[in-house]
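Observations on the three-dimensional arrangement
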Amino acid sequence: MTQQGAALQNYNNELVKCIEELCQKREELCRQIQQEEEEKQRLQNEVRQLTEKLARVNENLARKIASRNEFDRTIAETEAAYLKILESSQTLLSVLKREAGNLTKATASEQKSSAGKDS
């Protein structure tokens, strides 16, 4: 009976030891779970902050692109108007030169006819 009692005591000691080891492993696993949950929360906060920052950057970018497009439109309209002014100036200069030439010819012609009458 003593031998059976001793064997039972050994089994009991091993059982308690196994249960303690399982409890330690569970506690370690709980600690790891807690760390990973904290890391997950930290990463989710970073993602939220980056998402908000991305939204702000996209809004600023859209406004700046719209402004750039407005600049492009204004520049194109201004350049087109300037080209029309240059063309008009060139036309005006051509007309002025032609009319000045006609006036010079008419004046020279009148002077010749006046000179012929005076002689």
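Treat the numbers as computed from the prediction; the structure is a model and nothing was measured.

Calculation criteria
- Residues numbered from 1 in each chain as written.
- Predicted model: local features only at pLDDT ≥ 70, side-chain atom pairs only at ≥ 80, totals over all residues.
- Heavy atoms only, no water.
- Helix = DSSP H or I, 4+ residues; strand = E, 2+ residues; numbered from the N terminus.
- Rg over C-alpha atoms; globule rule 2.2 N^0.38 Å.
- Buried < 20%, exposed > 50% of the residue type's maximum accessible area, 1.4 Å probe, protein only.
- Areas by Shrake-Rupley, 256 points an atom, 1.4 Å probe, with all protein chains shown as cover.
- Lys, Arg positive; Asp, Glu negative; His and termini not counted.
- Charge placed at Lys NZ, Arg CZ, Asp CG, Glu CD.
- Patch = residues over 30% accessible without salt bridge, like charges linked within 9 Å, V, L, I, M, F, W, Y side chains within 5 Å.
- Salt bridge = Lys/Arg side-chain N within 4 Å of Asp/Glu carboxyl O.
- UniProt positions renumbered as here; feature names shortened; annotations may be inferred.

A few words on the overall build of the protein chain. Counting its regular elements, the protein chain contains one helix and zero strands. Relative to a compact globule of 119 residues, whose C-alpha radius of gyration would be 14 Å, the protein chain shows 50 Å and is clearly more extended. Each of the three principal axes of the protein chain carries a C-alpha extent, and together these read 170 × 15 × 10 Å. Across the 119 residues that make up the protein chain, the buried fraction comes to 0%. Summed over its atoms, the accessible surface of the protein chain is roughly 11200 Å², and 58% of this surface lies on carbon and sulfur atoms. With 19 positive and 20 negative side-chain charges, the protein chain shows a spacing of 11 Å between the two charge centroids.

Among the surface-exposed residues, Tyr-82, Leu-83 and Leu-86 lie close enough to one another that they form a single nonpolar patch of about 310 Å² accessible area. Note that Leu-83 resides in helix 1 (residues 2-118).

What follows covers the pattern of salt bridges. Tallied over the full model, the rule gives seven salt bridges. The partner of Arg-42 in a salt bridge is Glu-39, with the nearest N and O atoms 2.6 Å apart. Taken together, the residues span about one helical turn, with Arg-42 and Glu-39 both in helix 1 at a distance of three residues. Overall, Glu-39 belongs to the partly exposed group, its relative accessible area being 34%. In the salt-bridge network here, residues are joined through shared partners; they are Glu-39, Arg-42 and Glu-46.

Moving on: the UniProt feature "coiled-coil region" (unreviewed entry) in the protein chain. Residues annotated in UniProt with the feature "coiled-coil region" (unreviewed entry) correspond here to residues 19-67. Here residues 19-67 runs as 100% helix and 0% strand, with 71 Å between its end C-alpha atoms.

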